[in-house]
Structure formats: structure tokens, C-alpha cells
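Remarks on the overall topology
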Amino acid sequence: GAFLSGGVDSSAIVAAMSQGGRERVSTYTVGFAEEDLRHEIVPDDLVHARRVAALFQTEYFEQILEPNALELLPKTRGCGVRGGGVAAFACGAFGR
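Fair warning: this is a prediction, and the values are worked out from it, not measured in the lab.

Let us now look at helix H1 (residues 8-18). At 3.6 residues per turn, the α-helix brings residues three or four places apart onto the same side. Restricting attention to buried positions, one finds in H1 the residues Ser10, Ser11, Val14 and Ala15. Seen from one end, H1 has its buried residues packed into an arc of 140°, which puts them on one side. Turned more than 90 degrees away from the buried face of H1, the exposed residues are Val8, Asp9 and Ala16. In this structure, the buried side of H1 is in contact with strand E1 (2-3), strand E2 (26-32) and helix H3 (46-55). Phi for Gly20, located one or two positions after H1, is positive at around 75°.

Printed below as a string of C-alpha cells:
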């Protein structure tokens, strides 16, 4: 599977994985609760990720990080994600 943000890089990876494979590609997306997005400059990625997932007919999994995201912090240890950030939370949200 692949983490899918809906951006160019992750979309290209999902497109490549979908080409010629026999198995349906699993994609994983992390979004934020609407109340948390009020303070963001960048719009939510979920709309784009959902479109890419639909286009390539992936098995799409979505996790919305609620204000209790700090509870995920201990689960991010050992994920192997350098630099942390949203990718570490994605790993914690979906497990390893």
C-alpha cells in the first residue's frame, strides 16, 4: 500500500502501483477535523486524495485526526519515519 496525500508525488506512486498489478492497491490518508483546519493556510488534502483513490479504484482508508491526536504520539515511536510530522502520525493512526 501507499500513503496518499493527493499531491503529485503520492498520486504518481499510486498510479505506478496500479499499472499492471493484479491486486488492488491499498491507500492510506490522514486528514484533520474541520475545527483544526480553520487555522491552516493549506487546504485539506482529503478531497484530492479521495479523487485519486477513486480514479485508480484503490482500497481507500482514511483516518481523521481529532484534537486528541496527542494520544497517537506514543504509537509513532518505531515507525521509521524520519523527521516526524504528519507521516509519523499516519503511521501511528494506521499501525505498522
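Back to the write-up after that little detour.
As a further point, take the side chain of Thr27. Relative to the assigned elements, Thr27 resides in strand E2. A distance of 2.8 Å separates a polar atom in the side chain of Thr27 from a polar atom in the side chain of Thr58. Sequence-distant contacts of Thr27, that is, excluding residues within four places in its chain, are made with Ala2, Leu4, Val14, Ala53, Thr58, Glu59, Tyr60 and Phe61.

Here we come to the sheet that holds strand E3 (residues 59-65). Taken in spatial order, the three strands line up as E1-E2-E3 in an open sheet, and their pairing is parallel. Each having just a single partner strand, E1 and E3 make up the two edges of the open sheet. The strands touched by H3 within the sheet are E2 and E3, with E3 carrying the most contacts at an inclination of about 170°.

Before going further, it helps to spend a moment on the pattern of salt bridges. If charged atoms from side chains of opposite charge come close, those side chains can pair. Inspection of every chain in the model, using the stated rule, returns one salt bridge. Here Glu62 ties to Arg50 by a salt bridge, and the two come within 2.8 Å at their closest N and O atoms. Taken together, the positions of Glu62 in strand E3 and Arg50 in helix H3 put the pair 12 residues apart, joining distant regions of the chain. Its relative accessible area of 41% is what places Arg50 among the partly exposed residues.

Now for H3. For H3, every residue scored as buried is listed here: Leu46, Ala49, Val52 and Ala53. Down the axis of H3, the buried set is contained in an arc of 130°. They therefore lie on one face. Those residues of H3 that are exposed and aimed more than 90 degrees away from the buried face are Arg51, Ala54 and Leu55. Buried residues along H3 sit in contact with H1, E2 and E3.

How each quantity is defined
- Residues numbered from 1 in each chain as written.
- Predicted model: local features only at pLDDT ≥ 70, side-chain atom pairs only at ≥ 80, totals over all residues.
- Heavy atoms only, no water.
- Buried < 20%, exposed > 50% of the residue type's maximum accessible area, 1.4 Å probe, protein only.
- Helix = DSSP H or I, 4+ residues; strand = E, 2+ residues; numbered from the N terminus.
- Arc of directions from axis to C-beta.
- Contact = heavy atoms within 4.5 Å.
- Polar contact = N/O pair within 3.5 Å; in protein donor to acceptor, adjacent residues only side chain to side chain.
- Pairing = 2+ DSSP bridges.
- Axes fitted to C-alpha atoms, helices over the stretch in contact; angles between N-to-C directions.
- Salt bridge = Lys/Arg side-chain N within 4 Å of Asp/Glu carboxyl O.

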